[in-house]
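Summary of the model geometry
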Amino acid sequence: MGRQVRVRVAPSPTGDPHLGTAYQALFNCAFARRRGGKFILRIEDTDRVRSSEESEVAILESLRWLGLSWDEGPDIGGPHGPYRQSERTEIYRQHVDRLLETGHAYRCFCTRERLEEIRTRQGADTGYDRHCRSISSKESDRRAAAGEPFVVRMKIPPEGQSLFQDLLRGEICKEWSLVDDQIILKSDGFPTYHLAVVVDDHLMGVTHVIRGEEWINSVPKHVKLYEYFGWELPVFCHLPLLRNRDKSKLSKRKNPTSINYYRQAGYLPEALLNYLGLMGWAMPTGEEKFTLEQMCQNLELEKISLGGPVFDVAKLRWLNGRYIREDYAPEALQEKLEEWALNQERIGKIVPLVQPRLETLADWGGLTTAFFADEVSLAAEDLKMKGKKPEELAAILQMLVWRLEQQRDFTAPALDALFREMSQKFGITLRDLTGPCFVALSGKPVWTPLFDSMEILGSDMVRMRLQRAIEVLGGISGKKRKELDKQYTALFGYRD
Ligand code: GLU
C-alpha cells in the first residue's frame with residue numbers, strides 16, 4: 001500500500017473561470033475518487049495585481065455548477081489550510097529563509113535599471129547574469145538589514161542536465177544552462193509561483209501533480225527545490241493542452257474559453273463535463289457519453305493520449321443534444337428551461353426593457369430572441385461605422401473586447417461610462433460606437449437599450465458576439481493585432 005493519493009487543482013483567480021481549469025479539476029477529481037484519495041482546491045493568488053476576489057468566487061461557482069466537488073479548499077477548509085496562497089506568506093518566508101541559510105538561494109539587489117541594461121546588452125533570452133550570487137552572506141544580511149530592496153533567487157546549477165519523469169511522457173531532460181536563477185521571493189515579500197507551488201504541494205501532501213502541459217518547462221526548477229528542501233518528489237503528470245479546431249492552443253479568439261459562456265449559452269453542465277472528459281481520454285468501451293461517476297470508475301492516467309485534444313464546440317453541441325434528448329423527460333426539460341431562461345430574475349430584468357416597445361404581447365418574441373440565443377445571425381454589410389472601413393471597425397471592436405475583458409462591474413451605468421470613455425479616446429461619437437454594437441449583439445440595428453441589454457446578456461456572451469462580429473468583418477491579422485496591442489496599451493494601459 002502506497003501513500004493515500006492526494007491531488008489538487010490550483011487556479012489563479014485572475015480572470016474568467018477557464019475551460020482549462022475545469023479540465024484539470026475534472027481529471028484530478030476523477031483520479032482522486034478512483035483511488036480513494038483526496039482532491040484539494042487551492043487558490044494561487046500571489047499575483048496581487050491580477051488576482052481578484054470576484055474571480056475566485058466565479059471559479060469556485062463555475063466548478064460547482066459543473067458538478068465537481070473537493071475535499072479541502074478555501075471555502076470548506078481542511079487539515080492543511082489555509083488554502084489561499086495569500087494567507088500563507090509567513091510559511092513561504094520561512095522556507096525562503098531556510099534556502100538562504102543553506103546557501104541554495106541568495107538575495108539579489110539588482111535594480112530594475114541594471115536588469116534592463118543586461119537585457120539590452122545580452123538580448124532578452126539570456127536571463128539574469130547572476131551578478132549578486134557572489135555577494136557574501138554577511139554582506140547580504142547587512143544590506144537587507146539596512147533596508148535595501150531585494151528579491152530572492154534560487155541557485156540553478158550552471159551546467160549539466162535536469163532529468164525528471166512525467167507519467168505520460170517518460171523521462172524528460174533539460175539543460176541547466178537554459179534555466180535562469182529563478183526569483184522565488186518578490187520585493188513585495190510575496191513568493192513567486194515556483195516556490196509557493198512546491199512548498200504547498202509538499203505541505204499539503206500532494207502525491208500526484210496533474211496539471212496543464214504549459215508548466216512542464218518549470219519542472220526542473222521545482223525538482224531542484226524539492227531536492228534543496230530534502231523532500232520526496234510527487235508524480236508529475238502533465239495533461240495535454242486543449243486546442244482549437246485548427247490545432248492551435250485553445251484561445252478565446254477562436255472558441256469561448258470561459259465556463260460562464262457555456263452556461264449562459266444553454267449548455268448542460270453534465271454535457272460540458274463529459275466533453276472535457278473526452279479530451280485525451282476515452283472510456284474503455286469507447287462510449288462517448290458518460291457520467292462523472294463512470295469516469296471516476298474507469299480513469300487510468302496512463303491511458304491519456306498526448307495527441308492534442310481538440311475542443312470542438314460543434315461536437316460539444318452534439319453531445320449536449322444527446323443529453324437533452326436522452327436524459328430528460330419533457331417535464332424535467334421544462335424545469336431546466338425555466339431555470340435557465342424563464343427564471344424570475346432574468347425575466348424581471350427584461351420586461352421593463354421591452355415594455356415601451358410592445359404593441360401586442362406577441363411582439364415579445366421578436367424583441368427578446370437575442371437574450372435567449374447563443375449566436376445571432378450577422379451580415380458584414382450591417383456592421384458599419386460612419387467614416388470607417390470594415391477593418392478599422394474590426395480594430396475598434398477588438399479594443400472594445402479587450403477593455404470589456406478587464407471590466408469587472410458589468411452593470412448598465414458602468415458600461416455607459418466605459419463606452420463614453422472609449423468613444424472619447426477613439427475620437428468618435430457615442431452613437432458611432434453603439435451602432436455596430438447593437439448589430440453585433442442582437443443581429444439588428446434596433447434593440448432594447450444597449451447597456452441594460454448588455455448587463456442581461458453578461459460579459460461572456462457579449463464578448464463572444466463581439467468577437468464573432470470581428471470575424472464577420474474579416475478578422476484581425478497577427479501583425480495587425482500586435483499594432484493594436486500597442487495602441488491599446490497607449491490608450492488604456494496594460495492588459496493581460
Ligand atoms: N496557478 C497555476 C495556474 O493557474 C497552477 C499551476 C499548477 O497546477 O501547478 O495554472
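The structure reproduced in this document is the subject of the present report. For clarity, every value in this text was computed on a predicted model and none was experimentally measured.

Considering the overall build of the protein
Secondary structure summary: the protein contains 20 helices and 9 strands in total. When each of the 496 residues of the protein is scored for burial, the buried share is 50%. For the protein, the proportion of contacts with a sequence separation of at least 24, taken over those separated by at least 6, is 75%. In the form shown here, the protein has an accessible surface area of approximately 23900 Å², with 50% of it arising from carbon and sulfur atoms. Charged side chains in the protein number 70 positive and 71 negative. The centres of these two groups are separated by 4 Å.

Considering the environment of Gly 81
Considering the arrangement of structural elements, one finds Gly 81 in the loop between helix H2 (53-66) and helix H3 (89-101). The class of Gly 81 is partly exposed, set by a relative accessible area of 34%.

Some points on the site of the ligand
Close contacts around the ligand come from Arg 8, Ala 10, Ser 12, Glu 44, Tyr 193, Val 197, Arg 211 and Trp 215, and that covers them all. Measuring from a nitrogen atom of the ligand, one finds a side-chain N or O atom of Ser 12 at 3.0 Å. In this structure, a nitrogen atom belonging to the ligand sits 2.6 Å away from a side-chain N or O atom of Glu 44. Taking 300 Å² as the accessible area of the ligand by itself, protein coverage stands at 87%. Split into classes, the residues belonging to the shell around the ligand amount to 4 nonpolar, 1 polar and 3 charged.

Points about the side chain of Thr 368
Assignment of secondary structure puts Thr 368 in helix H14 (residues 363-372). If we ignore the near neighbours within four places in the chain, the residues touching Thr 368 are Ile 350 and Val 354.

Quick notes on the pattern of salt bridges
Oppositely charged side chains are able to pair whenever their charged atoms sit close together. Within the structure shown, the criterion is met by 44 salt bridges. For the salt bridge of Arg 107 with Asp 141, the shortest nitrogen-to-oxygen distance reads 3.0 Å. With Arg 107 in strand E3 (residues 105-108) and Asp 141 in helix H5 (residues 137-145), this residue pair connects regions lying 34 residues apart in the sequence. The class of Arg 107 is buried, set by a relative accessible area of 15%. For Glu 117, the salt bridge is made with Arg 121, and the minimal N-O distance between the two is 3.7 Å. Highlighted residues: Glu 117 and Arg 121, both in helix H4 (residues 112-122), separated by 4 residues, approximately one helical turn. A relative accessible area of 53% places Arg 121 in the exposed class.

As for the pairing of strand E9 (residues 235-239)
Most of E9 sits out of view: 4 of its 5 residues are buried. In this structure, strand E8 (residues 208-212) lies alongside E9, joined through 5 bridges in parallel fashion. Of the residues in E9, the one forming a bridge with His 208 is Val 235.

Quick notes on the nonpolar core
Core analysis: the largest hydrophobic core is formed by 108 residues, its most contacted members being Phe 311, Met 454 and Leu 466. Not counting residues within four places of it along the chain, the set of residues in contact with Leu 466 comprises Leu 397, Leu 400, Val 401, Leu 404, Cys 437, Ala 440 and Leu 441. By size, the runner-up hydrophobic cluster in this structure holds 32 residues, among which are Leu 99, Ala 105, Val 199 and Leu 225.

With respect to unusual backbone geometry
That bond from Gly 81 to Pro 82 is cis: its omega, -5 degrees, falls within 30 degrees of zero. Mapping Pro 82 onto the fold places it in the loop between H2 and H3. Even without glycine at this site, Arg 130 takes up a positive phi of about 65 degrees. Note that Arg 130 resides in the loop between H4 and H5. Within the chain, Lys 247 stands out as a residue other than glycine whose phi angle is a positive 80 degrees.

Calculation rules
Residues numbered from 1 in each chain as written. Predicted model: local features only at pLDDT ≥ 70, side-chain atom pairs only at ≥ 80, totals over all residues. Heavy atoms only, no water. Helix = DSSP H or I, 4+ residues; strand = E, 2+ residues; numbered from the N terminus. Buried < 20%, exposed > 50% of the residue type's maximum accessible area, 1.4 Å probe, protein only. Contact = heavy atoms within 4.5 Å. Areas by Shrake-Rupley, 256 points an atom, 1.4 Å probe, with all protein chains shown as cover. Lys, Arg positive; Asp, Glu negative; His and termini not counted. Charge placed at Lys NZ, Arg CZ, Asp CG, Glu CD. Near = heavy atom within 4 Å. Polar contact = N/O pair within 3.5 Å; in protein donor to acceptor, adjacent residues only side chain to side chain. Nonpolar A, V, L, I, M, F, W, Y, C, P; charged D, E, K, R; others polar. Salt bridge = Lys/Arg side-chain N within 4 Å of Asp/Glu carboxyl O. Pairing = 2+ DSSP bridges. Core = buried A, V, L, I, M, F, W, Y, C linked by side-chain atoms within 4.5 Å.

Keep in mind that these numbers describe shape and distance, not what the molecule does.
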